[in-house]
Amino acid sequence: MTSAERASQEEWAAEVRCLAAARDAVILAHNYQLPEIQDVADHVGDSLALSRIAAASPATTIVFAGVYFMAETAKILAPEKTVLIPEPRAGCSLADSIDADQLRRWKAEHPGAVVVAYVNTSAEVKAESDLCCTSANAVEIVAGIPDEREVLFLPDQFLGAHVQRTTQRHNMHIWMGECHVHAGISPVELRDKALASPASELFIHPECGCATPALWLSGTGDLPAERTHVLSTGGMLDRARRTHAPSVLVATETGMLHQLRRANPSVVWEPVNAKAECVYMKMTTREVLLRCLRDGTTEVEVDVEVAARARRAVEAMIAVGTSSLVAE
Ligand code: 13P
Ligand code: SF4
(Lines give C-alpha, C1' and ligand atoms only; values in the text may rest on other atoms or scores of the structure.)
(Ligands and ions follow the chains in the order given, each with its own letter.)
Protein backbone atom coordinates (compact mmCIF):
# COMPACT_ATOMS: atom_id res chain seq x y z
CA MET A 1 0.00 0.00 0.00
CA THR A 2 1.39 3.45 -0.89
CA SER A 3 1.36 6.19 1.75
CA ALA A 4 -1.42 8.01 -0.17
CA GLU A 5 -3.53 4.82 -0.18
CA ARG A 6 -2.85 4.33 3.54
CA ALA A 7 -3.94 7.91 4.27
CA SER A 8 -7.16 7.48 2.28
CA GLN A 9 -7.86 4.15 4.07
CA GLU A 10 -7.31 5.83 7.46
CA GLU A 11 -9.56 8.76 6.53
CA TRP A 12 -12.31 6.37 5.40
CA ALA A 13 -11.95 4.24 8.56
CA ALA A 14 -12.19 7.35 10.78
CA GLU A 15 -15.39 8.42 9.00
CA VAL A 16 -16.86 4.93 9.38
CA ARG A 17 -16.07 4.88 13.10
CA CYS A 18 -17.52 8.35 13.59
CA LEU A 19 -20.78 7.51 11.74
CA ALA A 20 -21.09 4.22 13.63
CA ALA A 21 -20.70 6.01 16.97
CA ALA A 22 -23.36 8.57 15.96
CA ARG A 23 -25.80 5.72 15.22
CA ASP A 24 -24.86 3.68 18.31
CA ALA A 25 -24.00 0.92 15.84
CA VAL A 26 -21.82 -2.14 16.24
CA ILE A 27 -20.19 -3.33 13.00
CA LEU A 28 -19.99 -7.12 12.58
CA ALA A 29 -17.95 -8.57 9.70
CA HIS A 30 -17.75 -12.18 8.55
CA ASN A 31 -14.34 -13.76 8.00
CA TYR A 32 -14.91 -13.69 4.20
CA GLN A 33 -15.33 -9.91 3.96
CA LEU A 34 -12.75 -7.73 2.19
CA PRO A 35 -9.69 -7.06 4.40
CA GLU A 36 -10.47 -3.34 4.80
CA ILE A 37 -14.01 -4.15 5.98
CA GLN A 38 -12.68 -6.70 8.48
CA ASP A 39 -10.16 -4.15 9.76
CA VAL A 40 -12.75 -1.45 10.46
CA ALA A 41 -15.32 -3.76 12.11
CA ASP A 42 -15.86 -4.06 15.86
CA HIS A 43 -16.02 -7.84 15.61
CA VAL A 44 -14.89 -10.30 12.92
CA GLY A 45 -15.88 -13.94 13.13
CA ASP A 46 -17.74 -16.97 11.89
CA SER A 47 -21.53 -17.25 11.67
CA LEU A 48 -21.86 -18.67 15.18
CA ALA A 49 -19.70 -16.07 16.92
CA LEU A 50 -21.37 -13.18 15.07
CA SER A 51 -24.87 -14.47 15.87
CA ARG A 52 -23.95 -14.64 19.55
CA ILE A 53 -22.54 -11.11 19.49
CA ALA A 54 -25.65 -9.82 17.68
CA ALA A 55 -27.86 -11.30 20.41
CA ALA A 56 -25.77 -9.91 23.28
CA SER A 57 -24.55 -6.52 22.01
CA PRO A 58 -25.81 -3.44 23.91
CA ALA A 59 -25.73 -1.35 20.68
CA THR A 60 -29.14 -0.31 19.35
CA THR A 61 -28.07 -0.82 15.72
CA ILE A 62 -26.26 -3.77 14.16
CA VAL A 63 -24.49 -3.24 10.85
CA PHE A 64 -23.94 -6.70 9.38
CA ALA A 65 -21.11 -6.79 6.84
CA GLY A 66 -21.89 -10.22 5.49
CA VAL A 67 -24.66 -11.84 3.47
CA TYR A 68 -28.41 -11.49 3.80
CA PHE A 69 -29.19 -14.62 5.84
CA MET A 70 -26.65 -13.50 8.45
CA ALA A 71 -28.32 -10.10 8.88
CA GLU A 72 -31.74 -11.80 8.99
CA THR A 73 -30.46 -14.14 11.72
CA ALA A 74 -29.32 -11.11 13.72
CA LYS A 75 -32.79 -9.55 13.35
CA ILE A 76 -34.46 -12.79 14.47
CA LEU A 77 -32.26 -12.84 17.59
CA ALA A 78 -32.55 -9.12 18.31
CA PRO A 79 -35.96 -7.97 16.99
CA GLU A 80 -35.85 -4.75 19.03
CA LYS A 81 -32.66 -3.60 17.30
CA THR A 82 -32.24 -1.91 13.95
CA VAL A 83 -30.30 -4.29 11.71
CA LEU A 84 -28.67 -2.82 8.62
CA ILE A 85 -27.08 -4.70 5.75
CA PRO A 86 -24.79 -2.53 3.60
CA GLU A 87 -25.67 -4.45 0.39
CA PRO A 88 -29.08 -6.17 0.40
CA ARG A 89 -28.30 -8.00 -2.86
CA ALA A 90 -25.62 -9.99 -1.02
CA GLY A 91 -27.31 -13.39 -1.18
CA CYS A 92 -26.00 -16.93 -0.83
CA SER A 93 -26.19 -19.72 -3.43
CA LEU A 94 -26.43 -22.31 -0.65
CA ALA A 95 -29.33 -20.55 1.11
CA ASP A 96 -31.08 -20.35 -2.29
CA SER A 97 -30.91 -24.12 -2.74
CA ILE A 98 -34.05 -24.72 -0.65
CA ASP A 99 -37.18 -22.68 -0.01
CA ALA A 100 -39.94 -23.09 2.57
CA ASP A 101 -42.34 -24.90 0.15
CA GLN A 102 -39.67 -27.45 -0.75
CA LEU A 103 -38.95 -28.00 2.93
CA ARG A 104 -42.65 -28.44 3.76
CA ARG A 105 -42.91 -31.10 1.02
CA TRP A 106 -39.77 -32.87 2.32
CA LYS A 107 -41.14 -32.84 5.88
CA ALA A 108 -44.42 -34.36 4.67
CA GLU A 109 -42.42 -37.32 3.30
CA HIS A 110 -40.78 -37.85 6.74
CA PRO A 111 -43.36 -37.16 9.45
CA GLY A 112 -41.82 -36.95 12.92
CA ALA A 113 -38.29 -36.24 11.67
CA VAL A 114 -36.22 -33.55 13.41
CA VAL A 115 -35.34 -30.79 10.93
CA VAL A 116 -31.83 -29.35 11.30
CA ALA A 117 -31.22 -26.28 9.14
CA TYR A 118 -27.78 -24.84 8.55
CA VAL A 119 -27.73 -21.13 9.36
CA ASN A 120 -27.24 -20.52 5.61
CA THR A 121 -31.02 -20.53 5.00
CA SER A 122 -33.80 -17.96 4.70
CA ALA A 123 -35.88 -16.91 7.72
CA GLU A 124 -38.88 -18.80 6.23
CA VAL A 125 -36.86 -22.03 6.08
CA LYS A 126 -35.63 -21.51 9.65
CA ALA A 127 -39.26 -21.04 10.72
CA GLU A 128 -40.03 -24.53 9.34
CA SER A 129 -37.05 -26.06 11.20
CA ASP A 130 -36.60 -27.49 14.70
CA LEU A 131 -32.94 -26.63 15.16
CA CYS A 132 -30.40 -24.43 13.41
CA CYS A 133 -26.67 -25.03 13.36
CA THR A 134 -23.52 -23.54 11.90
CA SER A 135 -20.45 -25.37 10.65
CA ALA A 136 -18.97 -24.82 14.13
CA ASN A 137 -21.63 -26.80 16.01
CA ALA A 138 -23.43 -28.98 13.43
CA VAL A 139 -21.91 -32.19 14.81
CA GLU A 140 -22.88 -31.37 18.40
CA ILE A 141 -26.41 -30.33 17.43
CA VAL A 142 -27.07 -33.56 15.50
CA ALA A 143 -25.35 -35.72 18.13
CA GLY A 144 -27.76 -34.28 20.73
CA ILE A 145 -30.85 -35.62 18.91
CA PRO A 146 -32.13 -38.95 20.30
CA ASP A 147 -30.83 -41.87 18.17
CA GLU A 148 -34.27 -43.18 17.26
CA ARG A 149 -35.45 -39.89 15.69
CA GLU A 150 -35.03 -39.45 11.93
CA VAL A 151 -33.11 -36.30 10.97
CA LEU A 152 -33.58 -34.07 7.92
CA PHE A 153 -30.39 -32.07 7.47
CA LEU A 154 -30.34 -29.14 5.04
CA PRO A 155 -29.25 -27.62 2.77
CA ASP A 156 -25.53 -28.44 2.41
CA GLN A 157 -24.71 -31.94 1.18
CA PHE A 158 -21.00 -31.74 2.04
CA LEU A 159 -21.50 -30.47 5.60
CA GLY A 160 -24.24 -33.10 5.91
CA ALA A 161 -21.81 -35.84 4.82
CA HIS A 162 -19.27 -34.58 7.36
CA VAL A 163 -21.87 -34.64 10.17
CA GLN A 164 -23.06 -38.11 9.16
CA ARG A 165 -19.50 -39.45 9.04
CA THR A 166 -18.66 -37.96 12.45
CA THR A 167 -21.86 -38.93 14.26
CA GLN A 168 -22.21 -42.31 12.45
CA ARG A 169 -25.92 -41.63 12.23
CA HIS A 170 -27.81 -43.78 9.71
CA ASN A 171 -31.30 -42.28 9.95
CA MET A 172 -30.20 -38.90 8.57
CA HIS A 173 -31.44 -37.56 5.22
CA ILE A 174 -29.42 -34.82 3.55
CA TRP A 175 -30.62 -32.13 1.16
CA MET A 176 -28.43 -32.03 -1.96
CA GLY A 177 -27.63 -28.30 -1.88
CA GLU A 178 -24.18 -26.80 -2.19
CA CYS A 179 -22.28 -23.55 -2.07
CA HIS A 180 -20.85 -22.77 -5.51
CA VAL A 181 -17.62 -21.42 -3.97
CA HIS A 182 -16.82 -24.42 -1.76
CA ALA A 183 -18.12 -27.02 -4.22
CA GLY A 184 -15.60 -25.59 -6.70
CA ILE A 185 -12.57 -26.50 -4.58
CA SER A 186 -11.67 -29.86 -6.08
CA PRO A 187 -10.13 -32.91 -4.36
CA VAL A 188 -7.59 -33.24 -7.21
CA GLU A 189 -6.41 -29.67 -6.70
CA LEU A 190 -6.12 -30.30 -2.95
CA ARG A 191 -4.20 -33.56 -3.37
CA ASP A 192 -1.79 -32.05 -5.95
CA LYS A 193 -1.08 -29.01 -3.75
CA ALA A 194 -0.61 -31.22 -0.66
CA LEU A 195 1.81 -33.54 -2.51
CA ALA A 196 3.81 -30.53 -3.74
CA SER A 197 4.05 -29.16 -0.20
CA PRO A 198 4.68 -32.18 2.07
CA ALA A 199 5.29 -30.16 5.27
CA SER A 200 1.98 -28.24 5.01
CA GLU A 201 -1.07 -28.73 7.17
CA LEU A 202 -4.48 -28.75 5.43
CA PHE A 203 -7.42 -26.71 6.76
CA ILE A 204 -10.65 -27.66 4.99
CA HIS A 205 -14.09 -26.09 5.49
CA PRO A 206 -16.78 -28.81 5.73
CA GLU A 207 -18.81 -27.13 2.96
CA CYS A 208 -16.04 -28.03 0.48
CA GLY A 209 -16.62 -30.65 -2.18
CA CYS A 210 -13.14 -31.91 -1.29
CA ALA A 211 -13.78 -32.48 2.45
CA THR A 212 -15.02 -36.09 2.21
CA PRO A 213 -12.43 -37.17 -0.43
CA ALA A 214 -9.67 -35.51 1.64
CA LEU A 215 -10.55 -37.52 4.74
CA TRP A 216 -10.82 -40.67 2.62
CA LEU A 217 -7.38 -39.93 1.10
CA SER A 218 -5.98 -39.32 4.57
CA GLY A 219 -7.36 -42.75 5.56
CA THR A 220 -5.54 -44.43 2.65
CA GLY A 221 -2.32 -42.55 3.42
CA ASP A 222 -2.47 -40.39 0.25
CA LEU A 223 -2.86 -37.28 2.42
CA PRO A 224 -1.21 -36.79 5.83
CA ALA A 225 -3.93 -37.84 8.31
CA GLU A 226 -2.38 -36.02 11.28
CA ARG A 227 -2.17 -32.79 9.28
CA THR A 228 -5.63 -32.84 7.65
CA HIS A 229 -8.25 -30.88 9.61
CA VAL A 230 -11.91 -30.18 8.76
CA LEU A 231 -12.77 -26.88 10.45
CA SER A 232 -15.31 -24.07 10.48
CA THR A 233 -13.85 -20.63 9.78
CA GLY A 234 -13.71 -19.97 13.55
CA GLY A 235 -12.09 -23.36 14.08
CA MET A 236 -9.43 -22.46 11.51
CA LEU A 237 -8.53 -19.39 13.53
CA ASP A 238 -8.30 -21.33 16.79
CA ARG A 239 -5.99 -23.83 15.17
CA ALA A 240 -3.99 -21.11 13.38
CA ARG A 241 -2.90 -19.74 16.74
CA ARG A 242 -1.66 -23.16 17.86
CA THR A 243 -0.05 -24.60 14.72
CA HIS A 244 3.72 -25.12 14.41
CA ALA A 245 3.55 -26.05 10.71
CA PRO A 246 5.69 -23.88 8.41
CA SER A 247 2.82 -23.58 5.92
CA VAL A 248 -0.89 -24.30 5.71
CA LEU A 249 -3.07 -24.96 2.66
CA VAL A 250 -6.52 -23.47 3.17
CA ALA A 251 -9.63 -24.81 1.43
CA THR A 252 -12.29 -22.16 1.84
CA GLU A 253 -13.24 -18.68 0.61
CA THR A 254 -10.06 -16.62 0.25
CA GLY A 255 -11.19 -13.79 2.56
CA MET A 256 -10.30 -16.15 5.41
CA LEU A 257 -6.59 -15.73 4.68
CA HIS A 258 -6.59 -12.17 6.07
CA GLN A 259 -7.49 -13.26 9.62
CA LEU A 260 -5.29 -16.37 9.42
CA ARG A 261 -2.26 -14.26 8.45
CA ARG A 262 -2.98 -11.89 11.31
CA ALA A 263 -3.45 -14.73 13.77
CA ASN A 264 -0.13 -16.34 12.93
CA PRO A 265 2.21 -14.32 10.69
CA SER A 266 5.04 -16.85 10.98
CA VAL A 267 3.10 -19.39 8.87
CA VAL A 268 2.89 -19.27 5.05
CA TRP A 269 -0.87 -19.32 4.36
CA GLU A 270 -1.87 -20.49 0.89
CA PRO A 271 -5.30 -20.99 -0.68
CA VAL A 272 -5.98 -24.38 -2.28
CA ASN A 273 -7.93 -22.46 -4.93
CA ALA A 274 -7.05 -18.76 -5.20
CA LYS A 275 -10.21 -18.17 -7.27
CA ALA A 276 -12.51 -19.37 -4.45
CA GLU A 277 -14.14 -15.96 -3.92
CA CYS A 278 -17.73 -15.40 -2.86
CA VAL A 279 -19.06 -12.54 -5.00
CA TYR A 280 -21.78 -11.89 -2.45
CA MET A 281 -19.32 -11.42 0.40
CA LYS A 282 -17.27 -9.04 -1.72
CA MET A 283 -20.25 -6.75 -2.43
CA THR A 284 -19.60 -4.86 0.82
CA THR A 285 -17.03 -2.37 -0.41
CA ARG A 286 -15.73 0.73 1.36
CA GLU A 287 -18.25 2.96 -0.45
CA VAL A 288 -21.16 0.64 0.27
CA LEU A 289 -20.37 0.50 4.01
CA LEU A 290 -20.06 4.27 4.18
CA ARG A 291 -23.40 4.76 2.40
CA CYS A 292 -25.04 2.31 4.81
CA LEU A 293 -23.84 4.25 7.85
CA ARG A 294 -24.62 7.66 6.38
CA ASP A 295 -28.12 6.85 5.08
CA GLY A 296 -29.17 4.05 7.43
CA THR A 297 -29.67 1.64 4.52
CA THR A 298 -30.76 -1.05 4.08
CA GLU A 299 -32.85 -2.01 7.06
CA VAL A 300 -33.53 -5.75 7.39
CA GLU A 301 -37.09 -6.71 8.29
CA VAL A 302 -38.36 -10.18 9.12
CA ASP A 303 -42.07 -10.89 9.33
CA VAL A 304 -42.97 -10.99 13.05
CA GLU A 305 -44.72 -14.36 12.89
CA VAL A 306 -41.91 -15.94 10.82
CA ALA A 307 -39.30 -14.52 13.19
CA ALA A 308 -41.12 -15.88 16.25
CA ARG A 309 -41.18 -19.40 14.74
CA ALA A 310 -37.54 -19.19 13.58
CA ARG A 311 -36.27 -17.84 16.92
CA ARG A 312 -36.59 -21.15 18.82
CA ALA A 313 -34.35 -22.91 16.28
CA VAL A 314 -31.83 -20.07 16.18
CA GLU A 315 -31.69 -19.71 19.95
CA ALA A 316 -30.99 -23.45 20.21
CA MET A 317 -28.11 -22.89 17.77
CA ILE A 318 -26.39 -20.17 19.78
CA ALA A 319 -26.72 -22.17 22.98
CA VAL A 320 -24.65 -25.10 21.66
CA GLY A 321 -20.90 -25.32 21.22
CA THR A 322 -18.26 -23.90 23.47
CA SER A 323 -15.57 -24.24 20.84
CA SER A 324 -15.70 -23.27 17.17
CA LEU A 325 -13.76 -26.40 16.16
CA VAL A 326 -15.73 -28.75 13.92
CA ALA A 327 -13.30 -31.68 13.90
CA GLU A 328 -9.63 -32.34 13.77
P1 13P B 1 -18.94 -20.22 8.90
O2 13P B 1 -20.15 -20.75 9.58
O3 13P B 1 -17.77 -21.14 9.07
O4 13P B 1 -18.69 -18.83 9.28
O5 13P B 1 -19.23 -20.23 7.33
C6 13P B 1 -20.27 -19.47 6.79
C7 13P B 1 -20.33 -19.57 5.34
O8 13P B 1 -21.08 -18.90 4.66
C9 13P B 1 -19.47 -20.55 4.73
O10 13P B 1 -19.50 -20.38 3.39
FE1 SF4 C 1 -23.06 -18.63 0.70
FE2 SF4 C 1 -20.97 -19.94 -0.26
FE3 SF4 C 1 -20.89 -17.30 -0.13
FE4 SF4 C 1 -20.79 -18.77 2.14
S5 SF4 C 1 -19.26 -18.69 0.50
S6 SF4 C 1 -22.04 -16.94 1.77
S7 SF4 C 1 -22.12 -20.48 1.58
S8 SF4 C 1 -22.28 -18.52 -1.41
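Residues numbered from 1 in each chain as written. Chains lettered and ligands numbered in written order. Predicted model: local features only at pLDDT ≥ 70, side-chain atom pairs only at ≥ 80, totals over all residues. Heavy atoms only, no water.

Some thoughts on helix H3 (residues 47-56)
- Among all positions of H3, only Ser47, Leu48, Leu50, Ser51 and Ala54 are buried. Down the axis, H3 shows its buried residues gathered within 165° of arc, on one side only.
- Each element contacted by the buried residues of H3 is listed here: strand S1 (25-30), strand S2 (43-45), strand S3 (61-65), helix H4 (68-77) and helix H15 (304-319). (Buried < 20%, exposed > 50% of the residue type's maximum accessible area, 1.4 Å probe, protein only. Helix = DSSP H or I, 4+ residues; strand = E, 2+ residues; numbered from the N terminus. Arc of directions from axis to C-beta. Contact = heavy atoms within 4.5 Å.)

Details of the environment of Lys107
- Topologically, Lys107 is positioned in helix H5 (residues 100-109).
- Sequence separation of Lys107 and Ala21 is 86 residues, and the distance between their C-alpha atoms is 45 Å.
- Other than its neighbours up to four places away in sequence, Lys107 contacts Val115, Glu128 and Leu152.

Observations regarding the pairing of strand S12 (residues 268-271)
- Of the two faces of S12, the one lined by Trp269 and Pro271 is fully buried and the one lined by Val268 and Glu270 carries no buried residue.
- One ladder, built from four bridges, connects strand S11 (residues 247-251) with S12; its direction is parallel. For Val250, the partnering residue across the bridge sits in S12 and is Pro271.
- Between S11 and its parallel partner S12, the chain crosses via helix H13 (residues 256-263), and the hand of that crossover is right-handed. (Pairing = 2+ DSSP bridges. Right-handed = clockwise from strand over helix to strand, strands pointing away.)

Digging into the site of ligand 1
- Close contacts around ligand 1 come from His30, Tyr32, Asp46, Ser47, Asn120, Ser135, His182, His205, Glu207, Ser232 and Thr233, and that covers them all.
- Measuring from an oxygen atom of ligand 1, one finds a side-chain N or O atom of His30 at 2.7 Å.
- Here an oxygen atom of ligand 1 sits 3.0 Å away from a polar atom, N or O, in the main chain of Ser47.
- Relative to its free-state accessible area of 300 Å², ligand 1 is covered by the protein chains to the extent of 96%.
- The residue makeup of the shell around ligand 1, split by class, is one nonpolar, eight polar and two charged. (Near = heavy atom within 4 Å. Polar contact = N/O pair within 3.5 Å; in protein donor to acceptor, adjacent residues only side chain to side chain. Areas by Shrake-Rupley, 256 points an atom, 1.4 Å probe, with all protein chains shown as cover. Nonpolar A, V, L, I, M, F, W, Y, C, P; charged D, E, K, R; others polar.)

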